[in-house]
Amino acid sequence: MVPLSAYVAVSAVLFTTGVIGVLIRRNFIIVLMAVEIMLNAANLNLVAFSHYLDSMAGQIVALFVIAIAGGEAAVGLAIIIVVFRGKISTNVDEMNLLKW
Amino acid sequence: MVAFFFAYFSLVSILAGALTVALRNPVHCGIALLTLLLHVAGLFFLLNAEFLAIVQIIVYVGAILVLYLFVLMLLNLKTDERYLHARYPLFLVPSVLGFAYLLALMLQSPFGGSKGDAPVPAVLQHGDTYAVGIKMFSDYLLQFEIVGVFLLGAIIGAIVLAKTPTGADAEQE
């Protein structure tokens, strides 16, 4: 029997990987992928607690998280296409369209 | 047996997560993310959440990741010489400190709590899909509708953003 804390530890490691990826990568698409890693870590936590505390609520919320991730990916990638069409680099430290 | 599969799925998913962040070529990062998503789906299977595992494979791997790979293919990005952010050590230190804080919180947490109304044998009687469906369309109906409206808004937003500017739009500019 695997203890709950093992799942929570795996989820914490994955979440930290995602945070590091968002903070240190330059390519905007990879930053979005790192956000997906963080959402997956949160999902893993929700499902693990749902299983160990005998409740269905965690799995329902995890389903909603997957739906929200789909919307986020669609809008984020559309923004990347718009930025790329304007001949601007997709690196996050060179995008300054809205700065003045 | 469960412990063995847990060790396999968790180790490979952590490794794939690290590779997603560390690899240089964006397409390789996408493949590493694919490995991560499939192994997290395996962890969901171990937790008796087979409906969620299948949804993860269909929606995440089949739709979201394919969308990412499409955009990578369309943009045809060249691999940059410098692929990390200009001041990345500045960000690396706080995130590692944050992880240490997370671990410290976790080690002193009891993880107890009142039990819910869905014990494992009751769920296994009709299957996970049945339990999720009954709960989703009774207690969480409003949230379900809100997610539907959100997805409609996201679709419209993505179409408006990614639309090629037509003649009338170009004249205005």
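All values derive from a computational prediction rather than experimental measurement. (Residues numbered from 1 in each chain as written. Chains lettered and ligands numbered in written order. Predicted model: local features only at pLDDT ≥ 70, side-chain atom pairs only at ≥ 80, totals over all residues.)

A few points about the domain arrangement of chain B
Logical step 1: Parsing chain B into structural domains produces domain 1 (1-78) and domain 2 (124-165).
Logical step 2: Summarising the inter-unit geometry, the C-alpha centres of domain 1 of chain B and domain 2 of chain B are found 22 Å apart. (Domains from an automatic or database assignment.)

Digging into the interface of chain A and chain B
Logical step 1: Contacts between the two partners involve 59 residues from chain A and, on the opposite side, 70 residues from chain B.
Logical step 2: Mapped onto the side of chain A that touches chain B, the elements with two or more residues apiece are α1 (4-24), α2 (28-52) and α3 (57-85) of chain A.
Logical step 3: When the residues that make up the side of chain A that touches chain B are grouped by side-chain class, the tally is 42 nonpolar, 12 polar and 5 charged. (Contact = placed C-beta atoms within 7 Å. Helix = DSSP H or I, 4+ residues; strand = E, 2+ residues; numbered from the N terminus. Nonpolar A, V, L, I, M, F, W, Y, C, P; charged D, E, K, R; others polar.)

Digging into the confidence of the model for chain A
The predicted coordinates ought not to be read in detail in places where the model reports low pLDDT.
Logical step 1: Averaged over every residue, the pLDDT of chain A is 88; residues scoring 70 or more account for 99%.
Logical step 2: Considering each helix and strand of chain A separately, the mean pLDDT is smallest for α1(A), with a value of 90, and largest for α2(A), with 93. (pLDDT = per-residue confidence, 0-100.)

Quick notes on helix α2 (residues 26-46) of chain B
Logical step 1: Taking 1.5 Å per residue as the helical rise, α2(B) with its 21 residues ought to reach 30 Å, and the 31 Å between its terminal C-alpha atoms agrees with that figure.
Logical step 2: Residues of α2(B) that are buried include every one of B:P26, B:C29, B:G30, B:A32, B:L33, B:L36, B:L37, B:H39, B:V40, B:A41, B:L43 and B:F44, and no others.
Logical step 3: Contacts from the buried residues of α2(B) go to α2 of chain A together with α1 (2-22) and α3 (50-75) of chain B.
Logical step 4: Phi turns positive one or two residues past the end of α2(B), at B:N48, with a value near 60°. (Expected span 1.5 Å × (residues − 1). Buried ≥ 20, exposed ≤ 12 C-beta atoms within 10 Å, placed from the backbone.)

A word on the nonpolar core
Where a protein is soluble and globular, its nonpolar side chains tend to be buried together.
Logical step 1: Membership of the largest hydrophobic core comes to 63 residues, with the highest contact counts inside it found for A:I29, A:M33, A:L44, A:V47, B:F44, B:L52 and B:Y68.
Logical step 2: Of all the secondary-structure elements, those providing two or more residues to this core are α1, α2 and α3 of chain A together with α1, α2, α3 and α6 (128-136) of chain B.
Logical step 3: Looking at which domains feed residues into this core, each of domain 1 (1-78) and domain 2 (124-165) of chain B supplies at least three.
Logical step 4: If we skip the residues at most four places from it in the chain, A:M33 touches B:T20, B:C29, B:L33 and B:Y68. (Core = buried A, V, L, I, M, F, W, Y, C linked by C-beta atoms within 7 Å.)

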